[in-house]
Amino acid sequence: MRQSERLNKIPPYLFAEIDRKIAEAKAKGIDVISLGIGDPDTPTIPTVVEEMHKAIDEPKNHDYPSYNGSEQFRKASCKWMKERFGVDLDANTEMLANIGSKEAIAHVFFAFVDAGDYTLIPDPGYPVYKNATIFAGGTPYSMPLLAENNWLPDFDKIPEEIAKKSKLMFLNYPNNPTGAVCDLDLFKKAVDFCKKYDILLCHDQAYCEMTYDGYVAPSVLEVEGAKDVAIEFFSHSKSYNMTGWRVGFVCGNAQAIKALGTIKNNIDSGVFKAIQQAASKAYEAPKEQIEKLNKMYKERRDVAEAGLRELGWDVKTSKATFYLWLPVPKGFTSEEFATVMLERAGVVVPPGNGYGTYGEGYFRIALTKDIETIKKVLSRMKEAGISFNMGRAVIK
Ligand SMILES: Cc1ncc(COP(=O)(O)O)c(C=O)c1O
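Before going into details, it helps to say that this report is about the structure given with it. Please read all numbers here as calculations on a predicted model, not as lab measurements.

Examining the sheet that holds strand β4 (residues 139-144)
In spatial order, the strands read β2-β8-β7-β6-β5-β3-β4; together these 7 strands make up an open sheet with mixed pairing. Two strands close off the open sheet at either side, each with one partner strand: β2 (95-98) and β4. Here the strands of the sheet are splayed against their neighbours by 20 degrees on average, with no regard to which way each runs. Of the strand pairs in this sheet, strand β6 (residues 200-204) and strand β7 (residues 230-235) are connected by 4 bridges, and their pairing is parallel. The partner of Leu 201 across the bridge, within β7, is Ala 230. Of the strands in this sheet, β2, β7 and β8 (248-252) are in contact with helix α4 (residues 71-85), which crosses β8 at around 65 degrees.

This is the structure in structure tokens:
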């Protein structure tokens, strides 16, 4: 079999290697706890499930959906963007339904990137930005997210010759994997930069409703004139516990929405209409349903952060997402530390280098297990002698 060259160009999939190590650990009889994947462990919010029961019984929902998304879903999504962020959008030209956000994030690169083009992507970052650039024949340019900049990119550090060759920039706040947040000022700078160099600004706001301690995440489209250069990807996955449903939307610049729609029309055939009907209802769900989820994650965060502090980590309190991004103990690479966690404590944590070069030296914890399990992880770490100040000597 002769596979395409593009498949050889993407980096080896680190998470497949983790799966192999988990299988090995399980075969040795280790009781493995995974804090690896950002997949909510509690059910979809009740409002959505109730609506789906009705929607599934409707024969009108059983045929092919429209490519762009049902009028009801697009209008409901525009209404939510208006109420939540004060952003006005045209449901026909500035809004598109997606099969979750991952596919649309990957496909936008095919609409804007040709061989020789660069993309500006956050590093560490959601791996799809880099791999989709490569699939489209482009070259990813890393914008380092560093602790000293509060995990925000520094646009002044992007060389002019790279900026001129760049077609697309991705930002993602609240951020995976760092858990960092930003304010509108960062988006203003990004809009200015992208206007200057004629770059499509893509903002991935998968985690905008998963916020704590009074922090409210902004939309890039709140910036005046943002629609000239920007689009924003929203996902129902994390906000409403709907990862398996595969639904979300992208909105903003009409030309970009049309271009992405053209790629998608030729590849997929839309979102199941019953899911769009149920997803439209998510926006009307009583606030308490979301608040309940955020309260749960906040409690988990507090327990995890307190326990990690006891183990020597200097943890900064995370205001959003269900991720903790932590430095590995001195002397370890990210992969070595992930292996120690698995082999000594039976705990799976993704090594930071899986999210990019600048992720080396870190690991991520997803708070997708209940408090009892988080406590169990912390006590297993303690018993195994795993702490921030542990030396390599503990490893035989
Ligand atoms: C930053 C970010 N963007 C997008 C996604 C994709 O989510 P979905 O395809 O479920 O909408 C994820 C999933 O983990 C993510 O972390």
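Description of unusual backbone geometry
Geometrically, the link from Asp 123 to Pro 124 is a cis peptide bond, its omega value of 5 degrees lying close to zero. Tracing the chain through its elements places Pro 124 in the loop between β3 (118-123) and α6 (128-135). With an omega of -5 degrees, the peptide bond between Tyr 173 and Pro 174 qualifies as cis. Its identity is not glycine, yet Asp 198 carries a phi of approximately 55 degrees, on the positive side. Mapped onto the secondary structure, Asp 198 falls in the loop between α8 (184-197) and β6. Positive phi, close to 60 degrees, is recorded for Arg 246, a residue that is not glycine. Relative to the helices and strands, Arg 246 is located in the loop between α9 (236-239) and β8.

Let's talk about helix α5 (residues 100-112)
Summarising burial for α5: 10 of the 13 residues are buried, a large majority. Looking at α5, one finds that the buried residues are Gly 100, Ser 101, Glu 103, Ala 104, Ile 105, Ala 106, His 107, Val 108, Phe 109 and Phe 112.

Points about the site of the ligand
Close contacts around the ligand come from 15 residues, with Asp 204, Tyr 207, Ser 235, Ser 237 and Arg 246 the closest. Between the ligand and Ser 101, the relevant distance is 2.7 Å, taken from an oxygen atom to a main-chain nitrogen or oxygen of the residue. A distance of 2.5 Å separates a nitrogen atom of the ligand from a polar atom in the side chain of Asp 204. Within the complex, the protein chains bury 91% of what would otherwise be the 400 Å² of accessible surface of the ligand. Among the secondary structure elements, those contributing two or more residues to the shell around the ligand are α5 and α9.

Quick notes on the side chain of Asp 204
Along the chain, the position of Asp 204 falls in strand β6. Among the polar contacts made by the side chain of Asp 204, one reaches the side chain of Tyr 129 at a distance of 2.7 Å. Separated by 3.2 Å, the side chain of Asp 204 and the backbone nitrogen of Ala 206 make a polar contact. Apart from the residues within four sequence positions on either side, Asp 204 is in contact with Ile 105, Tyr 126, Tyr 129, Phe 170, Leu 171, Asn 172, Tyr 173 and Phe 233.

Focus on the pattern of salt bridges
Under the defined criterion, the tally for this structure stands at 25 salt bridges. Lys 264 is the partner of Asp 268 in a salt bridge, and the nearest nitrogen-oxygen pair spans 2.8 Å. Of the residues examined, Asp 268 reaches a relative accessible area of 11% and is grouped as buried. For Lys 264, a relative accessible area of 3% translates into the label buried. Lys 316 is the partner of Asp 314 in a salt bridge, and the nearest nitrogen-oxygen pair spans 3.5 Å. In terms of burial, Asp 314 and Lys 316 fall into one category: exposed. Connected through shared salt-bridge partners, Asp 213, Lys 298, Arg 301 and Asp 302 make up one network.

Here we look at the environment of His 236
Mapped onto the secondary structure, His 236 falls in helix α9. In this structure His 236 comes out as buried when scored by relative accessible area, which is 0%. Not counting the four nearest positions on each side in its chain, His 236 is found in contact with Phe 73, Asn 241, Met 242, Val 247, Gly 248, Ala 279, Ala 282 and Tyr 283. A polar side-chain atom of His 236 sits 3.3 Å from the main-chain carbonyl oxygen of Ala 279.

Structural notes on the state of the cysteines
Using the criterion set out here, one finds 0 disulfides in the structure. The thiol of Cys 78 is not disulfide-bonded; the next cysteine sulfur, from Cys 251, is found 7.4 Å away. Between Cys 182, a cysteine without a disulfide, and Cys 208, which holds the nearest cysteine sulfur, the sulfur-to-sulfur distance is 11 Å. With a relative accessible area of 4%, Cys 182 lands in the buried category.

So, the packing of α5 against α6
Running from N to C, α5 and α6 point in directions that differ by 40 degrees, and their axes come no closer than 8 Å. Handedness of the α5/α6 crossing: right-handed. For the pair α5 and α6, the contacting residues are Lys 102, Ile 105, Ala 106, Phe 109 and Phe 110 in the first and Val 128, Tyr 129, Ala 132, Thr 133 and Phe 135 in the second. In terms of residue class, the contact of α5 with α6 is made up of 8 nonpolar, 1 polar and 1 charged.

Considerations on the packing of aromatic side chains
Per the counting criterion, the structure on display carries 25 aromatic pairs. Relative to Tyr 283, the ring of Trp 80 lies with its centre 5.7 Å away and its plane at 25 degrees, an arrangement referred to as stacked. With Trp 80 in helix α4 and Tyr 283 in the loop between α11 (273-282) and α12 (287-310), this residue pair connects regions lying 203 residues apart in the sequence. Tyr 283 matches Trp 80 in its accessibility class, with the two residues each being buried. Relative to Tyr 283, the ring of Tyr 240 has its centre 6.4 Å away and its plane inclined at 75 degrees; by these criteria the two rings are edge-to-face.

What counts, and where the lines are drawn
Residues numbered from 1 in each chain as written. Predicted model: local features only at pLDDT ≥ 70, side-chain atom pairs only at ≥ 80, totals over all residues. Heavy atoms only, no water. Pairing = 2+ DSSP bridges. Helix = DSSP H or I, 4+ residues; strand = E, 2+ residues; numbered from the N terminus. Axes fitted to C-alpha atoms, helices over the stretch in contact; angles between N-to-C directions. Contact = heavy atoms within 4.5 Å. Buried < 20%, exposed > 50% of the residue type's maximum accessible area, 1.4 Å probe, protein only. Near = heavy atom within 4 Å. Polar contact = N/O pair within 3.5 Å; in protein donor to acceptor, adjacent residues only side chain to side chain. Areas by Shrake-Rupley, 256 points an atom, 1.4 Å probe, with all protein chains shown as cover. Salt bridge = Lys/Arg side-chain N within 4 Å of Asp/Glu carboxyl O. Disulfide = S-S within 2.5 Å. Left-handed = near helix turned anticlockwise from the far one by under 90°. Nonpolar A, V, L, I, M, F, W, Y, C, P; charged D, E, K, R; others polar. Phe/Tyr/Trp six-rings, centres within 6.5 Å; stacked < 30°, edge-to-face > 60°.

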